[in-house]
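Read off the chains here:
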Amino acid sequence: MGATTEPASGARARGTIRYWAAAKSEAGLAEEPYEAVTLAEALAAAKERHAERPKLVQLLGHCSYLVDGAQVGGRDHATVALTEGGTVEVLPPFAGG
């Protein structure tokens, strides 16, 4: 299915953020729940929760994201709607492209 754009309603969805590689190391955990309408909102909440981990907060600005298996790419995170029971994969940059 994949991530939709432009949230249809203000209904908050609950799902899971999964951290990979350096993001997992900096977060100190593999996954955590989200409750948000958009990817931007979920990431803002994650940054707030992990404010004491400045390397993670900085790294989140450089990561690629998959939402329900679909690449977010260059889309504005505020336009990427999250789904109930969905998954946000946080993929930090890695060497070699």
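Refer to the structure above for everything that follows.
Description of the structure in this document. (Residues numbered from 1 in each chain as written. Predicted model: local features only at pLDDT ≥ 70, side-chain atom pairs only at ≥ 80, totals over all residues. Heavy atoms only, no water.)

## Concerning the sheet that holds strand β3 (residues 31-36)
Read across the sheet, five strands follow the order β3-β2-β7-β4-β5 without closing on themselves; strand pairing throughout is mixed. The open sheet has two free edges, formed respectively by β3 and β5 (70-71), since each of these has just one partner strand. Looking at chain direction, strand β2 (residues 13-19) and β3 are connected through six bridges and run antiparallel. Within β3, the residue paired with arginine 18 across the bridge is glutamate 31. Against the sheet, helix α2 (residues 39-49) contacts β2, β3, β4 (64-67) and β7 (87-91), and its axis sits at roughly 125 degrees relative to β3. (Pairing = 2+ DSSP bridges. Helix = DSSP H or I, 4+ residues; strand = E, 2+ residues; numbered from the N terminus. Contact = heavy atoms within 4.5 Å. Axes fitted to C-alpha atoms, helices over the stretch in contact; angles between N-to-C directions.)

## What about the nonpolar core?
Within the largest apolar cluster, 22 residues are counted, with the highest numbers of intra-cluster contacts made by Tyr19, Leu39, Tyr65, Leu82, Val88 and Val90. Sorting the residues of this core by element identifies β2, α1 (21-27), β3, α2, α3 (54-60), β4 and β7 as the ones contributing at least two each. A total of four residues in this core trace back to one element, the largest contributor, which is α2. Leaving out residues up to four positions away in the same chain, valine 88 has contacts with Thr16, Ile17, Arg18, Tyr34, Leu39, Tyr65, Leu66, Val67 and Leu82. (Core = buried A, V, L, I, M, F, W, Y, C linked by side-chain atoms within 4.5 Å. Buried < 20%, exposed > 50% of the residue type's maximum accessible area, 1.4 Å probe, protein only.)

## Looking at the environment of glutamate 31
Secondary-structure assignment places glutamate 31 in strand β3. Given the relative accessible area of 45%, glutamate 31 is considered partly exposed. In this structure, the C-alpha to C-alpha distance between glutamate 31 and isoleucine 17, residues 14 residues apart in sequence, is 5.4 Å. Apart from residues lying up to four places away in sequence, glutamate 31 is in contact with Thr16, Ile17, Arg18 and Tyr19. In terms of polar contacts, glutamate 31 uses its side chain to reach the side chain of arginine 18, at 3.5 Å. (Polar contact = N/O pair within 3.5 Å; in protein donor to acceptor, adjacent residues only side chain to side chain.)

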